[in-house]
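# An overview of the molecular structure
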Amino acid sequence: EIIICAGIFEFVNSPLKVLKNARKVAKNNCKMVILYPIDNFMAQIYKFYHLTHKIKINLFNEITINRILKESGWKILKKKNFLFSSIILVKPFKR
């Protein structure tokens, strides 16, 4: 079982709720791939672009993403940073 979560975290009001709901339905051997914007200079340009279209987006630093993953029952297996985003592979903590 794999869940793909790409291009959603920046637009939802509560990424924590999204992760908690995914955890409720995920089996213990499930993996989830998450793409999210990191809070850096390039991402600020991305955020400004959306603001010009009256769309507010969220950016995430490492502390925040680690906190919401832990609170929702997910553990990072791999992480890769790019210009203004990160891709992480996570798995659930054992229930």
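Going by the structure above, here's the rest.
Residues numbered from 1 in each chain as written. Predicted model: local features only at pLDDT ≥ 70, side-chain atom pairs only at ≥ 80, totals over all residues. Heavy atoms only, no water.

### What about the overall build of the chain?
Counting its secondary structure elements, the chain contains three helices and four strands. Taken from N to C terminus, the helices and strands of the chain fall in the order β-α-β-α-α-β-β. Taken against the 2.2 N^0.38 rule, which gives 12 Å for 95 residues, the C-alpha radius of gyration of the chain at 13 Å falls within 12% of a compact globule. Counting only C-alpha atoms, the chain reaches 45 × 25 × 20 Å along its principal axes. (Helix = DSSP H or I, 4+ residues; strand = E, 2+ residues; numbered from the N terminus. Rg over C-alpha atoms; globule rule 2.2 N^0.38 Å.)

### Here's the deal with the packing of aromatic side chains
Within this structure, the stated rule accounts for three aromatic pairs. Taking 6.0 Å as the distance between ring centres and 90 degrees as the angle between the ring planes, the aromatic pair formed by Y36 and F60 counts as edge-to-face. Linking Y36 in strand β2 (residues 31-37) with F60 in the loop between α2 (41-51) and α3 (62-72), this pair joins segments that are 24 residues apart in sequence. When sorted by exposure, Y36 lands in the same class as F60, which is buried. (Phe/Tyr/Trp six-rings, centres within 6.5 Å; stacked < 30°, edge-to-face > 60°. Buried < 20%, exposed > 50% of the residue type's maximum accessible area, 1.4 Å probe, protein only.)

### Regarding the pairing of β2
Along any regular strand, the residues point their side chains to alternate faces of the sheet. In terms of strand pairing, strand β1 (residues 2-6) meets β2 through five bridges, oriented parallel. Residue I4 lies in a different strand from β2, and its bridge partner there is V33. Read from β1 through helix α1 (residues 15-25) to β2, the crossover connection turns out right-handed. (Pairing = 2+ DSSP bridges. Right-handed = clockwise from strand over helix to strand, strands pointing away.)

### Observations regarding the pattern of salt bridges
In a structure, side chains of opposite charge can pair up when their charged atoms sit close to one another. All chains considered together, the criterion is met by two salt bridges. Close ionic contact of K79 with E62 constitutes a salt bridge, the shortest N to O distance being 3.9 Å. Placement of K79 in strand β3 (residues 74-81) and of E62 in helix α3 is noted, with a sequence separation of 17 residues between them. Two residues, E71 and R67, come together in a salt bridge whose shortest N-O distance is 3.0 Å. In this pair, E71 and R67 both sit in helix α3, four residues apart, roughly one turn of the helix. For E71, a relative accessible area of 41% puts it in the partly exposed group. (Salt bridge = Lys/Arg side-chain N within 4 Å of Asp/Glu carboxyl O.)

### Things to note about the sheet that holds strand β4 (residues 85-92)
A sheet is described by the order of its strands in space; here four strands give the open sequence β1-β2-β4-β3, paired in mixed fashion. Of all the strands in the sheet, the pair left with one neighbour each is β1 and β3. Here the strands of the sheet are splayed against their neighbours by 20 degrees on average, with no regard to which way each runs. Looking at chain direction, β2 and β4 are connected through six bridges and run antiparallel. In the sheet register, L35 faces β4, and the bridge partner there is I87. (Axes fitted to C-alpha atoms, helices over the stretch in contact; angles between N-to-C directions.)

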